[in-house]
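# Results of the structural survey
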Amino acid sequence: MNDTKVSVNFSCQRCLQPIKIDDCFNNINEHTLAELSLPINVNNPDVDIESYESELDHFVPPFRFTTDSVNDNNGFMLLSDAPDNESISQNFRVKAELFDALSNNSEIDYPLCDECADALLELMDKQLKMAEDEWNDYNNYLKKLELTDDVPNIDQLEKELSDLKNDEGRLLKELQALSKEEDALKNAIKTQEIEKQRLENDEEKYWREYTKHRRDLITTEDEFRSLECQLSYAQNQLDKLEKTNVFNVTFHIWHQGHFGTINNFRLGRLPSAPVDWSEINAAWGQTVLLLSSLARKMNLTFKNYKLVPYGNHSYIESLNDGKELPLYGSGGFRFFWDTKFDSAMVAFLDCLQQFKEEVEKGDSGFCLPYRMEKGKIEDSATGNSYSIKIQFNSEEQWTKALKFLLINLKWGLTWVSSQFTEDRNVV
């Protein structure tokens, strides 16, 4: 069996920090151990030491030494460089038994470090001061009783005690009755709480429904106001449209220098202003559409001809032989020798003449400003006549004839609008 030195470290029972035991504890005889086994602190039933336990922060239950816990780390640990065949050294056993004896015979668990021991001493000083204060109070009261000559009346005190017991019984009965009343009130409160919860649920349901209906009402009112605004806007638009001359809006006839214009399309051509033929064809399409609309408004059917509005490729159909007379051209040398375009313009002037005769019927005295006859338009101011044809004619005279033609159409448009005031918005 090898003799190996074992180093043992104990832990403070309050802060669990390792502590080193003084070497003087290695030599303790049995007499000293027996003296230390005596009670260190005589328990005083009047002193409540538990009220002072808060002074010891993080109070830790004691760790007792047993031979079965040699390998545990509770309270101590063994440090050794080589295995020890003995269970524990004699010095360690003595120290462990000493600390166990001290802990069993006191209210303090040992061992303690210096800091925890100082805190324990402060606690014990407080307990000692409190015990001295109580002793002084009792001693002063005893001296006061010894100096007093009055002897208490035992019978009176017993009678007062009996009365107090009767009062206590009566109060206990009242307390029992009040307890029953309290239970009844608790049951009533519980019932009322259930009813309150039901009413709160009904109230929440009511407010949800109210909010939903309120939102529907606001939405409906918004839609109603929106419809009122739309109706008012539509009524204003209707009044505006009823006062609007649709012919004047749809067919805007004006002039631009030497040219007559319809919807900003120039009708004519000058050497100084060579208008593109696509613009002239579009102007003729608008002109044919206007005369056709005016005739339809008056229920007028042209003799020998039928106007066919077809945009910039409008034409006039001859009812006698079924030929189509185009009111559009493309220019060029061949165009000037093509008589169909001239025939179409003469036919259009003939239709305008029939419209003029229909307008000037009756006693109204209304007449168009320019006379038209056999493909020519006469300027009443100068007495000069201008041919509607482009062949064997100058561009200036042809353009002026077209301008007079548009002026006659504008006058006819104004007359039709004034005669059919109720249906002025219908083309």
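Residues numbered from 1 in each chain as written. Predicted model: local features only at pLDDT ≥ 70, side-chain atom pairs only at ≥ 80, totals over all residues. Heavy atoms only, no water.

### A word on the overall build of the protein
Note the following rule: Counting from the N terminus, the helices are DSSP H or I runs at least four residues long and the strands are E runs at least two residues long. Every accessible area reported is derived by Shrake-Rupley at a probe size of 1.4 Å, with residue values counting cover from the shown protein chains alone.
Of the regular secondary structure elements, the protein holds 9 helices and 12 strands. Working note: accessible area of the protein is about 29600 Å², and carbon and sulfur atoms make up 52% of it.

### Observations regarding the pairing of strand 4 (residues 253–256)
Two faces belong to every sheet, and in a regular strand the side chains alternate between them. For clarity, the threshold we go by: We treat two strands as partners when DSSP finds at least two bridges between them.
When strand 4 meets strand 5 (residues 259–262), the two strands line up antiparallel, connected through 4 bridges. What sits directly across from Q256, in strand 5, is F259. Connecting strand 4 to the next strand, strand 5, in antiparallel fashion are 2 residues, including G257 with a positive phi near 65°.

### Notes on the sheet that holds strand 4
Applicable threshold: Geometry is summarised by axes, namely lines fitted to C-alpha atoms with helices restricted to the contacting stretch, and by angles between N-to-C directions that run from 0 to 180 degrees. Residue contacts are counted whenever heavy atoms from the two residues lie within 4.5 Å of one another.
With respect to topology, 3 strands assemble into an open sheet ordered 4-5-6, the strand pairing being antiparallel. Of all the strands in the sheet, the pair left with one neighbour each is strand 4 and strand 6 (265–267). The sheet shows a mean angle of 40° between the axes of neighbouring strands, taken without regard to direction. Sitting on the sheet, helix 6 (residues 277–297) touches strand 4, strand 5 and strand 6, and the angle it makes with strand 6 is about 90°.

### Some points on a nonpolar patch on the surface
Defined as follows: Surface patches are defined over residues having more than 30% relative accessible area and no salt bridge, joining like charges when they lie within 9 Å and nonpolar side chains (Val, Leu, Ile, Met, Phe, Trp, Tyr) when within 5 Å. By definition here, a salt bridge exists when the distance from a side-chain nitrogen of Lys or Arg to a carboxyl oxygen of Asp or Glu is within 4 Å. Buried residues are those whose accessible area, probed at 1.4 Å on protein chains only, stays under 20% of the maximum for their type, while exposed residues exceed 50% and partly exposed ones sit between those limits.
On the surface, Y206, W207 and Y210 cluster together into a nonpolar patch covering about 350 Å² of accessible area. Relative to the elements of secondary structure, Y210 occurs in helix 4 (residues 154–242). Looking at Y210, the relative accessible area reads 39%, which means it is partly exposed.

### What to know about helix 8 (residues 340–359)
To keep things clear, this is the line we draw: Helices are assigned an expected span. That span is 1.5 Å times one less than the residue count.
Here helix 8 contains 20 residues, and its C-alpha end-to-end distance of 29 Å stays within 8% of the 28 Å for a straight helix at 1.5 Å per residue. Judged by how many residues are buried, helix 8 sits mostly within the fold: 14 of 20 residues are covered.

### What about the side chain of N408?
By the element assignment, N408 lies in helix 9 (residues 395–419). Here N408 falls in the buried class, since its relative accessible area comes to 0%. Contact partners of N408, with chain neighbours within four places excluded, come to L352, L368, P369, Y370 and M372.

### Focus on unusual backbone geometry
At K374, a residue that is not glycine, the phi angle is positive and equals roughly 50°. By secondary structure assignment, the location of K374 is in the loop between strand 10 (371–373) and strand 11 (376–378). Not every positive phi belongs to a glycine, and F392 is a case in point at roughly 55°. With respect to the secondary-structure elements, F392 resides in the loop between strand 12 (385–387) and helix 9.

### Things to note about the packing of helix 6 against helix 9
Note the threshold: For this classification, under 35 degrees means roughly parallel, over 145 means roughly antiparallel, 65 to 115 means roughly perpendicular, and everything else is oblique. Handedness of each helix crossing follows the sense of rotation of the near helix against the far helix: counterclockwise by less than a right angle gives left-handed, clockwise gives right-handed.
Put simply, helix 6 and helix 9 touch, their axes get as near as 11 Å, and they point 30° apart. The angle between the axes of helix 6 and helix 9 places the two elements in the roughly parallel class. Note that helix 6 runs across helix 9; the crossing there is left-handed. Contacts from W277, W284, T287, L290, L291, L294 and K297 in helix 6 reach W398, L402, L405, L406, L409, G412, L413 and V416 in helix 9.

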